[in-house]
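If you want the building blocks of each chain, they are given just below.
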Amino acid sequence: RISSDGNPAKFQPPPKPVIIDKQKQREERRFLSPEFIPPRGRTDPLKFFIERKDMIQRRKVFNIPEFYVGHVLAVTTADPYANEKVNRFVGICIQRGGKGLGATFVLRNVIEDQGVEICYELYNPRIQAIEVLKLEKRLDDNLMYLRDALPEYSTFDVNMKPVSRLDHEEVPVNKLQVRMKPKPWSKRWERPKYNIKGIKFELPEKKMKEAQKWSQPWLEFDMLREYDTSKIEDKIWKEVSEGLKK
Amino acid sequence: SITGACRAIQKLTRVRVVDNSTLGNTPYHRPPKCIHVYNKTGVGKVGDKILLAIKGEKKKALIVGHKMPGPTMTPRFDSNNVVLIEDNGNPIGTRIKTPIPYILRQKEGEFSKVLAIARNFV
């Protein structure tokens, strides 16, 4: 090659390709399902160890996807009384409870103006498929207030198509403030005990101040209630990932 | 006043009639209430028959959903739903729009006609 000067140009090596190691990126972000973490108590850790083995065994056969409260899921269960022996329910996950094999999650949907909630057990052999239709974390851990919110916030189309997700890094947080039906509600959600950030309270200032009377600001400093799970989580994460790789 | 507590259906619970019968849908100044539950215990769950007082008349009805959480994998409704029935088990209405739990199919012999008019199942 001859440059404009007439002299042979210096050899320019081609630019180095940038290698994005996707496997490494995926390992950095790890999600441990909350039912693996044992509750604080005096039970023998052997019981939790055996339970975890059973949970890993079930997860090898059947894939339980990663999901949080606020995701829209579609669950198909085997039902002897259904038409095609298969029952499909779509709903938003309101809460995840229970530890170990009895872990449950509640799905809520409004069908034909009737609110329906079903509590499913994660490790029940009747469940045949769990699909995540919409990935979206909400501001709270517990969306029980959707029962007292306007029904438009709990309606989800049964034939909704799964929203595709390209980024494997973060789960988007929906900062939606939900509008409520007029009082009375099933629980007094304005009280600081529930610590709800996802409601747009249209109550007068006087009522909000009155609700703060029940606040217990000393609770966050109570050392006997502290339960540091970071080390336990690390151990269990290693155990679970090794168990699943086999 | 509005009571909370026992969320399954017992005497004096206000119920919501879910089929399209005239008795169930015409407005009246008093809501339909349960007077008697045909059960050993006085508490009615899904699939039990009850006696309702609607518009000054007594009618039998079948419970299709209640607010009380039942066994896992069964649906829990936001209102106490009921379908009006004759003494021999024939439903009075012709269509049921609201979703009905699949568990009712267990006792297909008694409720086959009610299940035939139901549109949605949960």
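Each residue is numbered by its place in its chain's sequence as written, counting from 1. Written order determines the labels here, with chains lettered from A and ligands numbered from 1. In keeping with the model being predicted, local features are shown solely for residues with a pLDDT of at least 70 and side-chain atom pairs are shown and tallied solely at 80 or more, while totals for entire chains, interfaces and linings include all residues. Side-chain descriptors were evaluated using all non-hydrogen atoms of the structure, hydrogens and water having been removed beforehand.

Labelled according to an unreviewed UniProt entry, chain B appears under the name Large ribosomal subunit protein uL14m, originating from Himantopus himantopus. For chain B, the Subcellular location (unreviewed entry) comment in UniProt is given as "Mitochondrion". UniProt positions are given in the numbering used here, feature names are shortened, and annotations may be inferred rather than shown by experiment.

In the annotation of an unreviewed UniProt entry, the entry for chain A reads Large ribosomal subunit protein bL19m, and the organism field reads Himantopus himantopus. You can read under Sequence similarities (unreviewed entry) in the UniProt record for chain A the words "Belongs to the bacterial ribosomal protein bL19 family." Regarding chain A, the relevant UniProt record gives this comment under Subcellular location (unreviewed entry): "Mitochondrion".

Turning our eyes to something else, we now look at the pattern of salt bridges. Each salt bridge in this description consists of a side-chain nitrogen of Lys or Arg and a carboxyl oxygen of Asp or Glu lying within 4 Å of one another. Scanning all chains against the criterion turns up 15 salt bridges over all chains. A salt bridge links Glu202 of chain A to Arg179 of chain A; its shortest N-O distance comes to 3.3 Å. Here the residue Glu202 of chain A occupies a position in the loop between strand S7 (173–174) and helix H3 (205–211), and Arg179 of chain A occupies one in the loop between S7 and H3, the gap between them amounting to 23 residues. Of the charged contacts in the structure, one is a salt bridge between Lys60 of chain B and Asp87 of chain B, with a shortest N-O distance of 3.9 Å. Placement of Lys60 of chain B in strand S4 (residues 57–65) and of Asp87 of chain B in the loop between strand S6 (81–85) and helix H2 (108–117) is noted, with a sequence separation of 27 residues between them. Residue Lys60 of chain B is classed as partly exposed on the basis of its relative accessible area, which comes to 22%. Throughout, exposure labels follow a simple rule: accessible area from a 1.4 Å probe, protein chains only, divided by the maximum for the residue type, with under 20% read as buried, over 50% as exposed, and the rest as partly exposed. The class for Asp87 of chain B is exposed, based on a relative accessible area of 61%. What emerges from the salt-bridge pattern is a single network uniting Arg108, Glu117 and Arg147 of chain A together with Arg76 and Asp78 of chain B. For helices the rule is a DSSP run of H or I covering at least 4 residues; for strands it is a run of E covering at least 2, with both sets numbered from the N terminus onward.

A few words now on the interface of chain A and chain B. We call two residues contacting when some pair of their heavy atoms lies within 4.5 Å. On the side of chain B, 19 residues touch chain A, which itself brings 23 residues to the contact. Accessible area that two parts lose when put together, with a 1.4 Å probe and added across both, is what the buried area reports. The junction of chain A with chain B conceals about 1800 Å² of combined surface from both sides, 54% of it contributed by carbon and sulfur atoms. Looking at the side of chain A facing chain B, the largest losses of area belong to Tyr81, Glu112 and Gln114 of chain A, adding up to 35% of the total buried there. The tally of links between chain A and chain B comes to two salt bridges. Where Arg108 of chain A meets Asp78 of chain B, a salt bridge forms, and the shortest distance between an N and an O atom there is 2.9 Å.

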